[in-house]
Amino acid sequence: VTVEGTPHGGTASRYTGPTLQAVLTPARLPAGPALRGSEMMRYVVVEAADGYRALFALAELDSEFRAATPILALSQNGEPLGDDDGPFQVVVPGENRHARWVRQVTCLRIARDR
């Protein structure tokens, strides 16, 4: 998937990579019509190399809930992400603030609120 966005303090760029929904497919999480009721209490925490973390409700990653879902970017403007951002960066199309554009992603943790 390719999305456009402007990183904090940067210029407009094209980011390419799989959606977070696609990355999480092997975890067999509920999606689409199955994501309802108690399953709506699931969330994903994205962790970075420097300890930074951001949280996404599972529904925010589901293409049946949002038109533009977050991606795990592998490249920016056709080039691999640089050391300051990569090798993976979460890019959230359409967000006004970039607090959840996590750079240097090391882990995706899946959890559920009780």
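Computed from a predicted model, the values in this text were never measured in an experiment. (Residues numbered from 1 in each chain as written. Predicted model: local features only at pLDDT ≥ 70, side-chain atom pairs only at ≥ 80, totals over all residues. Heavy atoms only, no water.)

S.K.: How would you explain the sheet that holds strand β7 (residues 79-80) if you had to name every residue and give the values?
M.R.: Ordered by their spatial adjacency, four strands build an open sheet running β1-β2-β6-β7, and the pairing between neighbours is antiparallel. Each having just a single partner strand, β1 (2-5) and β7 make up the two edges of the open sheet. Direction of pairing for strand β2 (residues 13-16) relative to strand β6 (residues 75-76): antiparallel, over a ladder of two bridges. Bridged to threonine 16 within β6 is serine 75. (Pairing = 2+ DSSP bridges. Helix = DSSP H or I, 4+ residues; strand = E, 2+ residues; numbered from the N terminus.)

S.K.: Describe the sheet that holds strand β9 (residues 105-112), with residues and values.
M.R.: Pairing within the open sheet is antiparallel, and its three strands lie in the order β4-β3-β9. A single partner strand is all that each edge strand has here, and the edge strands are β4 (53-57) and β9. In this sheet, adjacent strand axes meet at a mean angle of 20° when their direction is disregarded. Sheet topology note: the strand β3 (residues 42-48)/β9 ladder contains seven bridges and is antiparallel. Within β9, the position partnered with valine 44 by the bridge is isoleucine 110. (Axes fitted to C-alpha atoms, helices over the stretch in contact; angles between N-to-C directions.)

S.K.: Could you give an account of the side chain of arginine 100, naming the residues involved and the relevant values?
M.R.: If you trace the backbone, arginine 100 turns up in the loop between β8 (89-91) and β9. Here arginine 100 falls in the buried class, since its relative accessible area comes to 17%. At 3.0 Å, the side chain of arginine 100 and the backbone oxygen of leucine 55 are in polar contact. A distance of 3.0 Å separates the side chain of arginine 100 from the side chain of glutamate 60, its partner in a polar contact. (Buried < 20%, exposed > 50% of the residue type's maximum accessible area, 1.4 Å probe, protein only. Polar contact = N/O pair within 3.5 Å; in protein donor to acceptor, adjacent residues only side chain to side chain.)

That's the geometry; what it means functionally is another story.
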